[in-house]
Amino acid sequence: MKIITNIHDLRNHLRGQNRASFVPTMGNLHEGHLSLMRIARQNGDPVVASIFVNRLQFGPKDDFDKYPRTMESDIAQLEKEGVYILFAPSEDELYPEPQDYSVDPPQNLGDILEGEFRPGFFKGVCTVVLKLFSCVQPSVAVFGKKDYQQLMIIRRMCHQFALPVKIIPAETIRAKDGLALSSRNGYLSSNEREEAPRLYRTLQEAKSIILNSKNMTLECIHKAEQQAMSELTQRGWAPDYLSARLQSTLLPPTQEDLEQNAKLVILTASKLGKTRLIDNLEIE
Ligand code: PAF
């Protein structure tokens, strides 16, 4: 694997390649990321991964400084997955001057759910992803469904800017007990780690309540959401949101949407101790 830290060398290495597949990451890789690399390998050649902890997507109170940086073990894992290039730019390389130009997703998608609780987060994500796409110029890029809203926002960004990049969604990888793999799981104490799978179980319970109700009504959806939130709160979680939304827009469904059997997804972000976890579950 070639480890490249500057844009000029990256372009030289990728010159003439028009089937490159790309997986952007912030490092601290786990099995979830590796599954993205495998999907990338099936959908293009060469596979390019990036590791860059993007300051623009962290708020002033977020964990930018604390975010785990584990370059050596990341490199070893990527080598095993047959990644051809690791692009690992420094901040000076990617942001040599203040990044005054940025991509701001529309409010009705970027300021809801994660965007409501992490103002500016998706602006930071879109800006770095656009810049990384411009450096790598991949034909496909793989993003995990665990970051459901991020995936949708990036898809729309590519569509609106007519970027020639096909976005491939990848299923969430979970530990045996159901906890979605995430770099932030490493912040959990051992007691919290035992409690953490409850987040997914609660989503599954909410899904069953919704699916088992005779008629899917807004009332039944709100009941399922409230029950799930109160179960989490009783167990010491602090949910930011737990909400059933339309898969197509991430907006709350109307009664008419339910009557037309619109597809839903339940999304949550909840804090356990100091660690904020996100997860989601589609309702087919
Ligand atoms: O999902 C992530 O790890 C990040 O948001 C991404 C897409 C690499 C942008 O920094």
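In this report, we go over the structure that sits alongside the text. Just so it is clear, the structure is predicted and the values come from calculations on it, not from any experiment.

Structural notes on the sheet that holds strand E8 (residues 264–272)
Hydrogen bonds along the backbone pair up the strands of a sheet, which may run parallel or antiparallel.
Next, step 1: Strand order in this open sheet of three strands is E7-E8-E9, and the pairing throughout is antiparallel. Two strands lie at the open edges of the sheet, namely strand E7 (237–246) and strand E9 (275–283), each paired on one side alone. Across the sheet, the mean angle separating the axes of adjacent strands is 10° when strand polarity is ignored.
Next, step 2: The pairing of E7 with E8 spans nine bridges and is antiparallel. Each residue of the ladder has a partner; that of Ala 238, found in E8, is Lys 271.
Next, step 3: Against the sheet, helix H10 (residues 198–212) contacts E7, E8 and E9, and its axis sits at roughly 30° relative to E9.

Considerations on the site of the ligand
Next, step 1: As a matter of local geometry, the ligand sits amid Pro 24, Thr 25, Met 26, Asn 54, Gln 57, Val 125, Val 128, Phe 143 and Gln 150.
Next, step 2: With respect to the ligand, the side chain of Gln 57 contributes an N or O atom lying 2.7 Å from an oxygen atom.
Next, step 3: The contact in question runs from an oxygen atom of the ligand to an N or O atom on the side chain of Gln 150, over 2.8 Å.
Next, step 4: Relative to its free-state accessible area of 290 Å², the ligand is covered by the protein chains to the extent of 87%.
Next, step 5: Counting residues per element, the ones that place at least two in the shell around the ligand are strand E2 (21–25) and helix H7 (121–136).
Next, step 6: The residue makeup of the shell around the ligand, split by class, is five nonpolar, four polar and no charged.

With respect to the packing of H7 against helix H8 (residues 148–160)
Next, step 1: Running from N to C, H7 and H8 point in directions that differ by 50°, and their axes come no closer than 10 Å. Taken together, H7 and H8 sit at an angle that is classed as oblique. Handedness of the H7/H8 crossing: right-handed. Residues Phe 121, Phe 122, Val 125, Cys 126, Val 129, Leu 130 and Phe 133 of H7 touch H8, and the partners they reach there are Gln 149, Gln 150, Ile 153, Ile 154, Met 157 and Cys 158.
Next, step 2: In terms of residue class, the contact of H7 with H8 is made up of 11 nonpolar, two polar and no charged.

Remarks on the nonpolar core
Next, step 1: Formed by 42 residues in total, the largest nonpolar core has its most connected members in Phe 133, Ile 167 and Leu 250.
Next, step 2: No other element matches the 10 residues that H7 contributes to this core.
Next, step 3: In this structure Ile 167 touches Phe 133, Ala 141, Phe 143, Leu 151, Ile 154, Arg 155 and Cys 158, once residues within four positions along its chain are discounted.

A few points about the pattern of salt bridges
Next, step 1: Taken as a whole and judged by the stated rule, the model has 17 salt bridges.
Next, step 2: Close ionic contact of Arg 41 with Glu 81 constitutes a salt bridge, the shortest N to O distance being 3.9 Å. With Arg 41 in helix H2 (residues 31–43) and Glu 81 in the loop between helix H3 (71–80) and strand E4 (85–87), this residue pair connects regions lying 40 residues apart in the sequence.
Next, step 3: The shortest N-O distance in the salt bridge between Glu 91 and Arg 55 comes to 2.9 Å. In this pair, Glu 91 sits in helix H4 (residues 91–94) while Arg 55 sits in the loop between strand E3 (47–51) and H3, placing the two residues 36 residues apart along the sequence.
Next, step 4: The structure contains a network of salt bridges with shared partners spanning Asp 62, Glu 114, Arg 118, Asp 240 and Arg 276.

About the thresholds
- Residues numbered from 1 in each chain as written.
- Predicted model: local features only at pLDDT ≥ 70, side-chain atom pairs only at ≥ 80, totals over all residues.
- Heavy atoms only, no water.
- Pairing = 2+ DSSP bridges.
- Helix = DSSP H or I, 4+ residues; strand = E, 2+ residues; numbered from the N terminus.
- Axes fitted to C-alpha atoms, helices over the stretch in contact; angles between N-to-C directions.
- Contact = heavy atoms within 4.5 Å.
- Near = heavy atom within 4 Å.
- Polar contact = N/O pair within 3.5 Å; in protein donor to acceptor, adjacent residues only side chain to side chain.
- Areas by Shrake-Rupley, 256 points an atom, 1.4 Å probe, with all protein chains shown as cover.
- Nonpolar A, V, L, I, M, F, W, Y, C, P; charged D, E, K, R; others polar.
- Parallel < 35°, antiparallel > 145°, perpendicular 65-115°, else oblique.
- Left-handed = near helix turned anticlockwise from the far one by under 90°.
- Core = buried A, V, L, I, M, F, W, Y, C linked by side-chain atoms within 4.5 Å.
- Buried < 20%, exposed > 50% of the residue type's maximum accessible area, 1.4 Å probe, protein only.
- Salt bridge = Lys/Arg side-chain N within 4 Å of Asp/Glu carboxyl O.

Spatial relationships are all this shows, so hold off on functional conclusions.
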